[in-house]
Amino acid sequence: MSAVLRLENLSVALPRGSRKPVPVLDELNLFVKAGEMLALVGESGSGKTIAALSVMRLLPKGAKISGQAWLGETDLTALDEPAMRRIRGLGAAMVFQNPLAALNPSRTVASQIQEAYRVHNSASPRAARARALELLGEVGIPNAAARLDDYPHQFSGGMRQRVMIAMALSCGPKLLIADEPTTGLDPLIARQIMALIGRLRRELNMGVLFVTHDLSVVEEHADSIHVLYAGRSVEWGGGAEFFAHPRHPYSEALLGSVARIGQARLQNIPGNLPEPESRPPGCRFFSRCGYSQPECNISYPPPDPQGGTTAACLYPLPATSRPIYFETLEKPPGPPREPQLEIRDLSVRYTGNAGLFSPAASLPKALADIALTLGRGECLGVVGESGSGKSTLGRAVLQMIPYQGHILLDGQDFAALRGQSRRAQRRRIQVVFQDPRESLNPRIRVADAIAEPFRLSADKSNQRERVNTLLDRVGLNPEIGQRLPGGVSGGQAQRIAIARALAAGPELIVLDEPTSSLDVSTQAMLLNLLKDLAVETGLSYILISHDFAVVSYMADRIAVLNAGKIVEINDTAALIASPEHEYTRALIGAAPQLRDRLSAPPAGVKTL
Amino acid sequence: MSEISLQSSAGMPAAPLGRLLGWLGVRATLVTGLAIGLAIIFLGFAGPSLYPVDPYAINPAHALQGPSTSFPLGTDELGRDELALLLSGGFATLVVALPAAILAFLTGLAYGLAAGLGPGWLDRLLMRLLDAILALPSLIILIFFASLVTLNNTSLILLLGFISWPSLARLVRNETLAQRGRDFVLATEQLGASRFYIARVHLLRVMAPILVVNGTFMVGDSIFALSALSFLGLGVQPPQVSWGSLLESGLDIIALDPWWLILPPGLLVFGALIAASLTGQGLLARYGGTR
């Protein structure tokens, strides 16, 4: 099989303000064969998206490219814009992360697929429509003929991504570039999309360059893997070999920070990504690597091929070592706990569209008849897909929305409280939201944001000292207190949000998808931090997430929510061992598992 | 990496020059606006003491003289020194227009915050009321009320302050609704903060850019409205002069072509409007996006 795409020493520098261009990708070499999927993996700032965009020549203005990108026999970096336009769609097509932003909301999907098709094919409208129908069927849209004239908003997130894929396939490209196509989708849907791309590439003998930050997504489908860190390749090679025994310390750490069912401890990668302006001369992972030696910091390490993968490392891990992420921990059910939070007959209705002609009673319930008890010091996981009501449950507990039923904290019903005493009881439950950028006022300095709970309480003494203690506790340097939220990373912002919640002295924290917008290694560090905090302080958590593996890592007990109802609730270990509800089984099946690849033969490529 | 905008890299003109011009444009707008505005405010408040000539000294022997060394901007039909009149009129204009703008600003802000943070019925009530006020032509209303009351600085400030707040109120209300659902506001409520605290500490800070920009525009509006009223004889009352009344008295005798009596007050009103507009636009371009 010949290479569909071959990148040779591809380097990209992007303009930053008025200063000279900053290198974001250095000397990338890779090739994608026909009918194969290459996963290009890296965290924020690794340069993975830049690599994908530079193949399509969709880089921001002022970007400097060097090296070659061969699509078949054509060097894409040497083409002028009209020639490049003929390549896009026909030679290579791209699928983006957010299909809602990439589809035109005011036109039917048929017209958009037809348009994509007719850019490169002089087909009659009738033939183009037939092709659109054929494509929608191919990407697995049920009852495709009836849905041709629907608009994008009439499709669910997963179905929209299928429409995007149909558009990308319309002209029969030899290469499909998929940039995080499953990020933001529910795990069950994400799995289906992965299976779809996995199937199409073989049926159509198409090469796939799959860009992602999440290794667990590509574990089943990638034929080969290429890992980037801070703009440089660290390890590449066969997928099965890579997942069985990663050899670069960064690959190992990255795999170890993916939450898996039954995992004892996620791996922390200490430190931060080096800034593009101040990257070390040698191995870029040098400062964060647990195995580093002084000579690692001199020059980029020569690639060392062995056992099916190549690691750019002076001291790669032996191919026979047993990676740390295989250690498991049996989670025994904890001792009986005294009840802290009690929820009785909780129901919430949607109130958004209630009006003269649609009384609230006719609206569907977001939550129906929820009853559960949270023990002191317990972490209760709440899982469910989008729209299952899991965030609504969190907001009801926080008293942010009106509800029917009773929520009691230490036996005291919120409904019986008014004014100051109600505020005081509310304050004992704090919250950490999903989007770290939204959790902090962009115009208030970090130290002031953390001190705000002190200013709003009776004890206003020693604020600076207490802020620094909290910053230290969440693993941040007190120096960061003087910055505005715009000047910190997403992971740091989330730590600050946790520090701010802790400053209120809560007994329970509602964690609403606290890590789902973060890179895996950042997620691992935050989850570990939250775990340690709970042990140190006896805090209880309600952890809301669509990621079953994350919940199973954190929670003592898990409640599975579906369509506003708790369909199953049990101790974590018992739930995983014997899930009773079909939906629970599907969630567990979609979550990354611990697999001992050393004792089993390398898994072949599976399809759904 | 969604922050990368998907633009084609080829076939585009060189970017740095355009960006430089854009940056200079914003700078120039802001600097020009501020310079004109500060100059006018300086002249209005410090002018009378820097040019201590009695503006009301009548001297028929020198009536209607063009600019000369003894009368830098000539004299009016009563022989009064036009420059001294302009400076005195400037002070009279600013001393009403600035407090009126501040009053309108505070009214609009409080009204908008009350509607945005209050219960739903209050919001609906206040907004319908606002619709009714906005439906009336403000200058006509102003003239109507000005003809009913005794005109002095206090009543003029109240009148002018009353007409220009509704648009700010609507803006603040909409912005409040957009901001109050944001996570950091919800998290602050969870800390037990009152709505007043949230408005004061959080909403005002995130709204600061639009407030500053609109406040600047309101100063311009206020100067213009006062000049228009004075021109119609309903503003600052004689014997005190203002830019509007000076313009009017110059136009009364336009047949005699006294350009030195018409051009300077006209230019000052025009300059004040331009200054407010440029400053506002410059601030908007420079800081408006960082919310």
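From a predicted model like this one, the values you see are computed outputs, not experimental measurements.

What follows covers the overall build of chain B. The helix and strand tally for chain B stands at 10 helices and 0 strands. For the C-alpha atoms alone, the extent of chain B along its principal axes is close to 75 × 55 × 35 Å. Here chain B holds 291 residues, and 39% of them are scored as buried. Across chain B, contacts joining residues at least 24 apart in sequence account for 71% of those joining residues at least 6 apart.

This paragraph deals with the overall build of chain A. What chain A contains, in helices and strands, is 20 helices and 22 strands. Computed over its C-alpha atoms, the radius of gyration of chain A comes to 26 Å, within 12% of the 25 Å expected for a compact globule of 608 residues. Taking the principal axes of its C-alpha atoms as reference, chain A extends roughly 75 × 65 × 55 Å. Out of the 608 residues belonging to chain A, those deemed buried represent 47%.

This part covers the sheet that holds strand β21 (residues 557–562) of chain A. Residue and element names in this part refer to chain A. Within the open sheet, the 6 strands sit side by side as β18-β19-β20-β15-β21-β22. Their pairing is mixed. In this open sheet, the two strands that pair with only one neighbour each are β18 (429–432) and β22 (565–571). Between one strand axis and the next, the sheet turns by 20° as a mean value, whatever way the strands run. Inspection of the sheet shows strand β19 (residues 508–512) paired to strand β20 (residues 540–545) by 5 bridges, in the parallel sense.

Moving on to the pairing of strand β15 (residues 379–383) of chain A. Residue and element names in this part refer to chain A. Taken across its 5 residues, β15 has 5 buried, putting it largely inside the fold. What you see with β15 is no split at all: C379, G381 and V383 on one side and L380 and V382 on the other are buried throughout. With 5 bridges connecting them, β15 and β20 associate as parallel partners. When the bridges of β20 are listed, V383 appears paired with S545.

This next bit is on the environment of T216 of chain B. Residues and elements named next belong to chain B. Mapped onto the secondary structure, T216 falls in helix α8 (residues 195–231). We classify T216 as buried; it has 25 C-beta atoms within 10 Å. For the pair T216 and Q281, spaced 65 residues apart in sequence, the C-alpha to C-alpha distance is 9.3 Å. Setting aside anything within four residues of it in sequence, one finds T216 in contact with A276, T279, G280 and L283.

A word on the sheet that holds strand β16 (residues 404–409) of chain A. Residue and element names in this part refer to chain A. Reading across from one edge, β14-β13-β16-β17 is the order of the 4 strands in this open sheet, with antiparallel pairing throughout. Strand pairing shows two members of the sheet lacking a second neighbour, β14 (365–375) and β17 (412–413), which therefore form its edges. One ladder, built from 7 bridges, connects strand β13 (residues 339–349) with β14; its direction is antiparallel. Residue L341 lies in a different strand from β14, and its bridge partner there is L374.

All names here are of chain B. Taken N-terminus to C-terminus, the directions of helix α2 (residues 82–117) and helix α5 (residues 153–163) make an angle of 40°; their axes are 8 Å apart at the nearest point. As summarised for this structure, α2 and α5 are arranged oblique, according to the angle between their axes. As for how α2 packs across α5, the hand of that crossing is right-handed. Contacts from V95, V96, A97, P99, A100, L103, A104 and T107 in α2 reach N153, L156, I157, L160 and G161 in α5. Classifying every residue of the contact of α2 with α5 gives 10 nonpolar, 3 polar and no charged.

A separate point is unusual backbone geometry. All names here are of chain A. Its identity is not glycine, yet E27 carries a phi of approximately 45°, on the positive side. If you trace the backbone, E27 turns up in strand β2 (residues 19–33). We classify E27 as partly exposed; it has 16 C-beta atoms within 10 Å. Even without glycine at this site, A563 takes up a positive phi of about 50°.

Before going further, it helps to spend a moment on helix α5 (residues 125–138) of chain A. The periodicity of an α-helix, 3.6 residues per turn, causes residues three or four positions apart to be oriented the same way. All names here are of chain A. Compared with the 20 Å implied by 1.5 Å per residue over 14 residues, the 20 Å span of α5 between its first and last C-alpha is a close match. Those residues of α5 lying buried are A128, R131, A132, L135 and L136. Viewed along the axis of α5, the buried residues span an arc of 135°, placing them on a single side of the element. As for α5, its buried residues are in contact with α4 (109–120), α6 (144–147) and α7 (157–169).

Quick look at the packing of α7 of chain A against helix α8 (residues 187–203) of chain A now. All names here are of chain A. For the pair α7 and α8, the least separation of the axes is 9 Å and the interaxial angle reads 20°. As summarised for this structure, α7 and α8 are arranged roughly parallel, according to the angle between their axes. Crossing handedness for the pair α7 and α8: right-handed. Contacts from G157, G158, Q161, R162, I165 and L169 of α7 reach α8 at I189, Q192, I193, L196 and L200.

For the rest of this paragraph, the subject is helix α14 (residues 446–455) of chain A. With 8 of its 10 residues buried, α14 of chain A lies for the most part within the structure. Along α14 of chain A, the residues that are buried comprise V446, A447, A449, I450, A451, E452, P453 and F454 of chain A.

Residues L175, I177, L209, F210, I450, I542 and L543 of chain A are the most contacted members of the largest nonpolar core, which totals 235 residues. Ranked by residues supplied to this core, first place goes to α2 of chain B with 17 residues. With residues near it in sequence (within four places) discarded, F210 of chain A still touches M37, L38, A39, L40, A178, V218 and A222 of chain A.

Further remarks concern the environment of Q240 of chain B. Mapping Q240 of chain B onto the fold places it in the loop between α8 and α9 (243–252). Given 18 C-beta atoms within 10 Å, Q240 of chain B falls into the partly exposed group.

With that settled, consider the environment of R445 of chain A. All names here are of chain A. Assignment of secondary structure puts R445 in the loop between β18 and α14. When the C-alpha positions of R445 and V550 are compared, they lie 31 Å apart, and in sequence the two are 105 residues distant. With residues up to four places along the chain from it excluded, the contact list for R445 reads G481, Q482, R483 and L484.

Turning our eyes to something else, we now look at the pairing of β22 of chain A. Residue and element names in this part refer to chain A. Direction of pairing for β21 relative to β22: antiparallel, over a ladder of 6 bridges. Pairing of V560 across the sheet is with E568, part of β22. Between β21 and β22, which pair antiparallel and follow one another directly, the connecting turn spans 2 residues, one of which, A563, has a positive phi of 50°.

Right, let's get into the confidence of the model for chain A. Looking at chain A, pLDDT values average 86 and 92% of them are 70 or higher. Below a pLDDT of 50 lies the segment residues 596–608 of chain A, which in the model reaches 19 contacts outside its immediate sequence neighbourhood of four places, other chains included.

All names here are of chain B. Residues at a pLDDT of 70 or more form 90% of chain B, whose mean pLDDT is 83. Every residue in residues 1–14 scores below 50 in pLDDT, and together they form 21 contacts with partners more than four places removed in sequence or on other chains. Across the whole predicted complex the pTM is 0.81, and at the interface the ipTM reaches 0.80.

How each quantity is defined
Residues numbered from 1 in each chain as written. Chains lettered and ligands numbered in written order. Predicted model: local features only at pLDDT ≥ 70, side-chain atom pairs only at ≥ 80, totals over all residues. Helix = DSSP H or I, 4+ residues; strand = E, 2+ residues; numbered from the N terminus. Buried ≥ 20, exposed ≤ 12 C-beta atoms within 10 Å, placed from the backbone. Contact = placed C-beta atoms within 7 Å. Rg over C-alpha atoms; globule rule 2.2 N^0.38 Å. Pairing = 2+ DSSP bridges. Axes fitted to C-alpha atoms, helices over the stretch in contact; angles between N-to-C directions. Parallel < 35°, antiparallel > 145°, perpendicular 65-115°, else oblique. Left-handed = near helix turned anticlockwise from the far one by under 90°. Nonpolar A, V, L, I, M, F, W, Y, C, P; charged D, E, K, R; others polar. Expected span 1.5 Å × (residues − 1). Arc of directions from axis to C-beta. Core = buried A, V, L, I, M, F, W, Y, C linked by C-beta atoms within 7 Å. pLDDT = per-residue confidence, 0-100.

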